[in-house]
Amino acid sequence: MLATLAQAVVNGLLIGGIYALVSIGVTLIFGVVKIVNFAQGEFVMIGMYISFFLASTFGVDPLLSLLISMPSLFAIGVLLQHFLIRRVLALGDMPQIFLTFALSLLLMNIALLLFTANYRTVQTPYSELTFHIGPVYFAVAKLIAFAIAMLLSALLYLFLHGTDLGKAMRAAAQNREVAMLMGINPDRVFCVAVGVALALAGAAGSLLMPFYPAYPLVGQIFVLMAFVAVVLGTLGNITGALIASLMMGVAESLGVQFVGADSGLIVVFVMLLLTLAFRPNGLFGGWAR
Amino acid sequence: MTLIWTTRPWFWIVVLAAVALVLPLVVSNPFAVDIFIRVLLFAFIGVAWNLMGGYAKQLSLGHAAYFGLGAYTSTILLIRFGISPWIGIIAGGVVAMLASLPIGALCFRLRGPYFAIATIATAQVLMLLFLKFRDFAWGAEGTTLPNLGDAPLMMQFDSKAAYYYLALALLALGLAITYRIERSWMGFYLVAVGEDEDAAEAVGVDTTKIKRHIYLISAFLTALGGTFYIQYIYFIDPNTAFSFNISVEAALVSIVGGIGTLWGPVVGTILLEATSALLQSWFGSGHGGVQLTVYSLILVSVILWRPSGLVGVFSDLYRRFTYAGAARSKEVPLDG
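Residues numbered from 1 in each chain as written. Chains lettered and ligands numbered in written order. Predicted model: local features only at pLDDT ≥ 70, side-chain atom pairs only at ≥ 80, totals over all residues.

Draft legend 1. Region of interest: the overall build of chain B. When its secondary structure is counted, chain B shows 16 helices and 2 strands. Against the compact-globule benchmark of 20 Å for 336 residues, chain B has a radius of gyration of 20 Å, which places it among compact chains. Along the first, second and third principal axes, the C-alpha set of chain B runs to 70 × 55 × 40 Å. Taking all 336 residues of chain B together, 45% fall into the buried category. Taking contacts inside chain B between residues at least 6 apart in sequence as the whole, the part at least 24 apart equals 74%. (Helix = DSSP H or I, 4+ residues; strand = E, 2+ residues; numbered from the N terminus. Rg over C-alpha atoms; globule rule 2.2 N^0.38 Å. Buried ≥ 20, exposed ≤ 12 C-beta atoms within 10 Å, placed from the backbone. Contact = placed C-beta atoms within 7 Å.)

See below:
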């Protein structure tokens, strides 16, 4: 019983690391640009397909393809912000929500047309590898993914706190007008924020590839998790999103283990609705300090 | 020179109603009538969504919750208790209204995009629950409705035209309700909430109450559409009744047509369904991605170039067409 519990917690934490990359991206864009990116999951999907095709055509290891998927998605993010999101920033809720929502539908369905609905997997030497500490088993691929996810989150933290650009980003998030008065160019900061967020989604995709199939609708599950984590972790709070994502991973895994195989999502949604009922501002306050 | 009565809006409404009424008598191709029924149904659901999403700008992406509750209520009453769907359709509406109260209480705490996400979650939770209710709601397999032949008292008809007129009646009901609300105090309150919720609150509008009321009406109407749809296709399962596509379509037709306008959802549905029918005849129904790819391209274009929706384009054309002299049409302010 205790071993089952420990196993469920470990599995949850490991996948929670991937959720964290997605939700940090969502909360970063929300914090800085004040837009909810409904298409974030589709960028995970794109990251997965990049890794899949690099692996299947050139035999590149998915972990190595991080070096390609992250910069490509950064570039896509900059273009997305510059050509699309920027144009709706002055408009109301409706265009802001439905622009990225339409983008999500578009990317999903283009992927469906181009790649069909088939599941694509990549076999790596470590895909099936496991080791155990006591009765608890660790899948090597998931552990590597988790470790790199945490590393990337730490790097983002250092970037936001240690570099001028990162500080400018936090300043723009706190107060756009005052930041502009201090000589910060919001357009540039916004482009970088969206770029970084998408690069994280791309990283999530590449890290998933050794143990998770790619298919056109794969992003949906990750973006739903990310939304719940972002609400739970307080909108715009990066540390909050990270902790909440790990909690969600564990909650989902416990749900699957103890309620039933198809109950993971119910547990997650119930968590969201309970949060809304009792702590509508999330568990953590404010923008990450 | 245009005749004076062609400038009156009621004249065009009478023409439109006349065309709508004779359409199934002229067109007998079942494929075409099927498309007309879809247009009427989704225009109706769009109208129901628009009351809340358009006027009060509460952008729900979870209206499938009410569509599904309406569908399941009438189907359970029909199959388990033999109660006519004519009673079931009202019962479904009432169930949806009751469900909208706790859902609204939770979701109205959030604004804008997070309201939309919370509504997605509620519809998904309902779908997952109905997947689990194997005993009285048939679980994931769903069920077919008993075919009673031509039984108008049980809302089953042999002719597609009957379904057409029923859907037309629903749409007329939705439009009439919207028309009344638009011209009432409630309409002004709703627009005030939609424009700026805090300002509306500051001038004494009870925003929570007004949102709750419009959500009740919107949920009720959406549920009617759910019962109708299931009676029309004779089959129900959670993935059909609580389909995310229903929520999306309800919002999409309103946005493309023009949110917060009486005719927006109708214009949007005609455009999108016509596109969808054309695509099907070109590509066949095998290519799953084509339709939604085109829908989302239309949506992006509308948002970037005409966020107030296409109904405005038509009313501009209408003015240019009806008012003699371009100079006069320039004095008429564009409505949004």
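The structure having been displayed, the exposition proceeds.
Draft legend 2. Quick peek at helix H6 (residues 164-174) of chain A. When we look at burial in H6(A), the residues that qualify are Ala168(A), Met169(A), Ala172(A) and Ala173(A). One side of H6(A) holds all its buried residues, which, seen down the axis, span an arc of 140°. (Arc of directions from axis to C-beta.)

Draft legend 3. Expanded view of the interface of chain A and chain B. Each partner contributes to the interface: chain A provides 27 residues, whereas chain B provides 31 residues. Elements represented by at least two residues in the side of chain A that touches chain B include exactly helix H3 (66-88), helix H4 (93-115), helix H9 (218-232) and helix H11 (264-278) of chain A. In terms of residues, the side of chain A that touches chain B owes the most to one element, H4(A), which gives 13 residues. Grouping the amino acids of the side of chain A that touches chain B by side-chain chemistry returns 24 nonpolar, 1 polar and 2 charged. (Nonpolar A, V, L, I, M, F, W, Y, C, P; charged D, E, K, R; others polar.)

Draft legend 4. Examining unusual backbone geometry more closely. Residue and element names in this part refer to chain B. In this structure, tryptophan 138 is a non-glycine residue whose phi angle is positive, near 70°. Looking at where tryptophan 138 falls in the secondary structure, it is placed in the loop between helix H6 (134-137) and strand S1 (143-144). With a phi close to 65°, tyrosine 234 is a non-glycine residue in the positive phi region. Mapped onto the secondary structure, tyrosine 234 falls in the loop between helix H10 (207-233) and strand S2 (235-236). Judged by the 12 C-beta atoms lying within 10 Å of it, tyrosine 234 falls in the exposed class.

Draft legend 5. Representation of the environment of Met127(B) within the structure. All names here are of chain B. Mapped onto the elements of the fold, methionine 127 is located in helix H5 (residues 112-132). Judged by the 21 C-beta atoms lying within 10 Å of it, methionine 127 falls in the buried class. Every residue in contact with methionine 127, bar those within four places of it in the chain, is listed here: Gly68, Pro238 and Phe242.

Draft legend 6. Examining the confidence of the model for chain B more closely. Residues and elements named next belong to chain B. The share of residues in chain B with pLDDT of 70 or more is 92%, and the mean pLDDT across the chain is 86. Ignoring residues within four places in sequence, the model shows residues 324-336, a span with pLDDT below 50, making 12 contacts including any to other chains. Complex prediction metrics read pTM 0.86 and ipTM 0.85. (pLDDT = per-residue confidence, 0-100.)

Draft legend 7. Seen up close, the environment of Ala162(B). Take Ala162(B): it is sitting in helix H7 (residues 160-182). Considering only alpha carbons, one finds Ala162(B) and Pro24(B), 138 residues apart in sequence, at a separation of 9.2 Å.

Draft legend 8. Structural context of the nonpolar core. Ranked by size, the top nonpolar core spans 202 residues in total, and within it Leu21(A), Val22(A), Ala193(A), Ala204(A), Val228(A) and Ala167(B) carry the most contacts. Sorting elements by how many residues they give to this core places helix H8 (residues 186-208) of chain A first, with 16 residues. (Core = buried A, V, L, I, M, F, W, Y, C linked by C-beta atoms within 7 Å.)

Draft legend 9. Geometry of the packing of helix H10 (residues 238-258) of chain A against H11(A). All names here are of chain A. At a minimum axis separation of 7 Å, H10 and H11 run at an interaxial angle of 135°. Comparing their axes, H11 and H10 come out oblique. The handedness of the crossing between H10 and H11 comes out as right-handed. Each of Met248, Ala251, Glu252, Gly255 and Val256 in H10 lies in contact with H11, whose residues at this interface are Gly264, Ile266, Val267, Val268 and Met271. Broken down by class, the residue content of the contact of H10 with H11 amounts to 7 nonpolar, 2 polar and 1 charged. (Axes fitted to C-alpha atoms, helices over the stretch in contact; angles between N-to-C directions. Parallel < 35°, antiparallel > 145°, perpendicular 65-115°, else oblique. Left-handed = near helix turned anticlockwise from the far one by under 90°.)

Draft legend 10. Layout of the pairing of strand S1 (residues 130-133) of chain A. All names here are of chain A. Bridge analysis of S1 against strand S2 (residues 136-139) gives 4 bridges, and the strand direction is antiparallel. Within S2, the residue paired with histidine 132 across the bridge is tyrosine 137. Counting the residues in the hairpin turn of S1 and S2 gives 2 residues, including glycine 134, whose phi is positive at 60°. (Pairing = 2+ DSSP bridges.)

Draft legend 11. Representation of the confidence of the model for chain A within the structure. Confidence in the prediction for chain A averages 89 pLDDT; 98% of positions are at 70 or higher. When pLDDT is averaged over each helix and strand of chain A, the minimum, 78, is found for H11(A) and the maximum, 95, for helix H2 (residues 40-58) of chain A.

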